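A look at the structure
The residues making up each chain are set out below.
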Amino acid sequence: MIDLRSDTVTKPNEEMKQAMFSAELGDDVFEEDPTVVELENRLANMFGMDAGLFCPSGTMTNQIALNIHLDPGDEVICSRESHIYNYEGGGIAKNSGASVRLIEGETGLITSQDVANNINPDDVHYPISKLVALENTCNRGGGICYSMGEMKSIAEVCMKNNLPLHLDGARIFNAIVKNNENPLEYGEVFNSISICLSKGLGAPLGSVLIGDQQFIKKSRRVRKVFGGGMRQVGVVAAAGNYALENNIERLKNDHLHAKMIAQALRKCSWINSILPVETNIVVGYLNEDRDNNEFVELLAKKNIKIIPFGKGRIRMVTHLEINKQTAEKVVEELNF
Ligand SMILES: Cc1ncc(COP(=O)(O)O)c(C=O)c1O
């Protein structure tokens, strides 16, 4: 089976397992696991932030950040397509009692003008605008990236209005590699960043939240309350360290393979259009008379696993277990 459902399906290779096996460990709730500390500091330094916090998932790192930035009744400005709104189980409301101001647009990218237009006036009728949250790359937008210029303009609007800016950087390294960016610039733009190790980087689990000293101190407390305080968890942080050392540059291959697949998908008779492909995600819209579940089943018969992605939409994601030959096989099979 060729599995294009997500870049989360990869399994650790032997070298990554060896790194996990030989990791130095300690009790991380006591902040005594050297491998976790190494991972947290490595990412904080890379992005020019003070500190990091290792968590089990990207949902948890996002939800901790939202919980710190927002009080009940406050409002976060984000895209209607964002992961924090669509796929975190209503956590914004459930965990933080906060409201959302959703910006429309199928790519999931929002602009500085959108932000400026959606900040509520200081009036008792409205929720208090308290946070702006971006996602880079945008998952539902087909892995599209922000330009550094746009992120900086958004940060300016935030600064003027005293709003912190959070980034869901589940696939931040895909954007960095695609646009040849300096991670330090992200540290200047954002107040908090959630970074996933379990997507394109290929670790079995783990995300790191980075921010300033005080923010990470508060995050540690919220992580404990959310049940995310872990003990000898260097055993998985070691996979994260391995991934950062070995799997960043190779993301370029995933982007290349996604482009190959996108070209074939565009020609497929079932497909009406596809979103622009910038990184490792391909989102296709089916012709109106076609059903996305049938498309998924048809590909399953050809030994290709994909997922439906909302009405009339399908998604394919490339990752480190998809090599050039596999991508070519997918291209061949899309010839109908
Ligand atoms: C953009 C984005 N943010 C956050 C997450 C959440 O990550 P996790 O599955 O580790 O909770 C995902 C997961 O796919 C994602 O795509």
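Residues numbered from 1 in each chain as written. Predicted model: local features only at pLDDT ≥ 70, side-chain atom pairs only at ≥ 80, totals over all residues.

Taken N-terminus to C-terminus, the directions of helix α1 (residues 14–21) and helix α11 (residues 234–246) make an angle of 135°; their axes are 7 Å apart at the nearest point. Here α11 runs oblique to α1, going by the angle between their axes. Here α1 and α11 pass one another in a crossing that is right-handed. Note on element contacts: α11 touches α1 through Val235, Val236, Ala238, Ala239, Asn241 and Tyr242, opposite Glu15, Met16, Ala19 and Met20. Its residues placed into classes, the contact of α1 with α11 shows 8 nonpolar, 1 polar and 1 charged. (Axes fitted to C-alpha atoms, helices over the stretch in contact; angles between N-to-C directions. Helix = DSSP H or I, 4+ residues; strand = E, 2+ residues; numbered from the N terminus. Parallel < 35°, antiparallel > 145°, perpendicular 65-115°, else oblique. Left-handed = near helix turned anticlockwise from the far one by under 90°. Contact = placed C-beta atoms within 7 Å. Nonpolar A, V, L, I, M, F, W, Y, C, P; charged D, E, K, R; others polar.)

Another aspect to go through is unusual backbone geometry. Residue Thr137 is reached from Asn136 by a cis peptide bond, and omega for that bond is 0°. Here Thr137 shows up in the loop between β5 (128–135) and α7 (148–160). The phi torsion at Glu31 lies on the positive side, around 60°, for a residue other than glycine. Following the sequence through the fold, Glu31 ends up in the loop between α1 and α2 (34–46). With a phi angle near 55°, Asn180 is a residue other than glycine that sits in the positive phi range.

As a further point, take the domain arrangement of the protein. Here the protein is described as being made up of domain 1 (14–246) and domain 2 (250–333). With 15 residues of domain 1 at the interface, the matching set in domain 2 holds 15 residues. Tallied by class, residues from the side of domain 1 that touches domain 2 come to 5 nonpolar, 8 polar and 2 charged. (Domains from an automatic or database assignment.)

Let us look at the site of the ligand. The ligand sits among Ser57, Gly58, Thr59, Asn62, His83, Glu135, Asn139, Asp168, Ala170, Cys196, Ser198 and Ser207. Class assignment for the residues of the shell around the ligand results in 2 nonpolar, 8 polar and 2 charged. (Near = placed C-beta within 6 Å.)

Before going further, it helps to examine the sheet that holds strand β8 (residues 207–211). Read across the sheet, 7 strands follow the order β2-β8-β7-β6-β5-β3-β4 without closing on themselves; strand pairing throughout is mixed. One side of each edge strand has no neighbouring strand; the edge strands of this open sheet are β2 (51–55) and β4 (99–103). Put simply, the sheet's adjacent strands are angled 20° from each other on average, direction ignored. Two strands pair when backbone bridges link them, and strand β7 (residues 192–196) and β8 are joined in this way by 5 bridges, in the antiparallel orientation. Within β8, the position partnered with Cys196 by the bridge is Ser207. (Pairing = 2+ DSSP bridges.)

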